Amino acid sequence: MSLPKRVVLVGPMGAGKSTIGRMLAKELGYRFLDSDRIIEERCGANIPWIFDVEGEDGFRLRETAMLDELSHEDRTVLATGGGAVMRQENRPILKRGATVIYLKTSIDQQVERTRKDRNRPLLQNDDPEAVLRKLFSIRDPLYSDLADIIMYTDKKSPRLVVRQLVNRLNPKTPRHKRQVRKEGRNHV
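Bringing the overall build of the protein chain into the picture now. Secondary structure assignment for the protein chain yields eight helices and five strands. The secondary structure elements of the protein chain, listed N-terminal to C-terminal, are β-α-β-α-α-β-α-β-α-α-β-α-α. Counting all 188 residues of the protein chain, 47% fall into the buried class. In the protein chain, 74% of the contacts between residues at least 6 apart in sequence involve partners at least 24 apart. Carbon and sulfur atoms make up 49% of the accessible area of the protein chain, which totals about 9,900 Å².

Moving on, we get to empty space enclosed by the protein. Rolled over the atoms, a probe as big as a water molecule pinpoints where empty space is left. Under the defined criterion, the tally for this structure stands at two cavities of 30 Å³ or more. One number sums up the size of the largest cavity: a volume of about 50 Å³. For the largest cavity, the full set of lining residues is Pro-12, Met-13, Gln-110, Leu-132, Leu-135, Phe-136, Arg-139 and Tyr-143. Taken together, the residues of the lining of the largest cavity sort by class into six nonpolar, one polar and one charged.

This brings us to the side chain of Thr-105. Locating Thr-105 in the fold gives a position in the loop between β4 (98-104) and α5 (107-114). There is a polar contact of 2.4 Å between the side chain of Thr-105 and the side chain of Asp-154.

This paragraph deals with the pairing of strand β5 (residues 149-152). Burial along β5 is one-sided: the residues Ile-149 and Met-151 are buried and none of Ile-150 and Tyr-152 is. As defined by bridge partners, β4 adjoins β5 across four bridges and the pair is classed as parallel. Residue pairing across strands places Leu-103 opposite Met-151, the latter belonging to β5.

Okay, the environment of Ala-84 next. Tracing the sequence through the fold places Ala-84 in the loop between β3 (76-79) and α4 (90-95). Here Ala-84 falls in the buried class, since its relative accessible area comes to 0%. Along the chain, Ala-84 and Glu-63 lie 21 residues apart, while their C-alpha atoms are 7.2 Å from each other.

Moving on to the environment of His-72. Residue position: His-72 is located in the loop between α3 (47-70) and β3. With 21 residues separating them along the chain, His-72 and Ile-93 place their C-alpha atoms 9.5 Å apart. Other than its neighbours up to four places away in sequence, His-72 contacts Arg-6 and Arg-96. Within the structure, the side chain of His-72 is placed 3.3 Å from the side chain of Arg-96, a separation counted as a polar contact.

In this structure, Arg-75 is a non-glycine residue whose phi angle is positive, near 55°. As for its placement among the helices and strands, Arg-75 is situated in the loop between α3 and β3.

Helical periodicity: at 3.6 residues per turn, an α-helix aligns residues three or four positions apart in one direction. Look at helix α1 (residues 17-28): 16 Å from first C-alpha to last across 12 residues, which is about the 16 Å you get at 1.5 Å a residue. Turning to α1, its buried residues number three or more, namely Lys-17, Ile-20, Gly-21, Leu-24, Ala-25 and Leu-28. With its buried residues spanning 135° around the axis, α1 presents them on a single face. For α1, the exposed residues set more than 90 degrees away from the buried face come down to Lys-26 and Glu-27. Residues of α1 that are buried make contact with β1 (6-10), β2 (31-34), β3, β4 and α7 (158-169). Positive phi shows up at Gly-29, right after α1, with a value of about 75°.

Analysis parameters
- Residues numbered from 1 in each chain as written.
- Predicted model: local features only at pLDDT ≥ 70, side-chain atom pairs only at ≥ 80, totals over all residues.
- Heavy atoms only, no water.
- Helix = DSSP H or I, 4+ residues; strand = E, 2+ residues; numbered from the N terminus.
- Buried < 20%, exposed > 50% of the residue type's maximum accessible area, 1.4 Å probe, protein only.
- Contact = heavy atoms within 4.5 Å.
- Areas by Shrake-Rupley, 256 points an atom, 1.4 Å probe, with all protein chains shown as cover.
- 1 Å grid on protein atoms, 1.4 Å probe; cavity = no way out; pocket = protein on both sides within 12 Å on 5 of 7 lines; lining within 4 Å.
- Points joined across faces, edges and corners; volume = space filled by probe spheres on them.
- Nonpolar A, V, L, I, M, F, W, Y, C, P; charged D, E, K, R; others polar.
- Polar contact = N/O pair within 3.5 Å; in protein donor to acceptor, adjacent residues only side chain to side chain.
- Pairing = 2+ DSSP bridges.
- Expected span 1.5 Å × (residues − 1).
- Arc of directions from axis to C-beta.

Structure follows, in structure tokens:
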């Protein structure tokens, strides 16, 4: 089995898409792309500013155009924004010639990982945990439906997650078979 042409990481904010994506790309010898960072670079503004000026709808239009552009890049690992799955037209774009990995994490882990991050416009309110719970209830079925691989990231180091993903993406070694049995197919 050969490696996929492209790997797309989806999941909620705080799941580790950027950190794990960067490490996974290096491990695979692929180029790492982060759709949110590229949007910021092209706009010359950060995402909270784009949300303030254009609203979420304006940002989502930019995101769709960016995802479409990046879906033609081979040998890449693409980290997407947590809401990329919300627009119906994005889902086939994300799947286009790619293996989609859902980095799944608990609400508690998301709260811990995002509590000091001011670059997340949807969490700038009095009860970010309630927002994360609501987003999870809406987005989790979309992530799960889109995913070729679901990888739980709670209480795992990024290095361990990357090693497990490499084993799943390139399952040609006896070690992979032992690892899948050990982890359990339902939990990887």
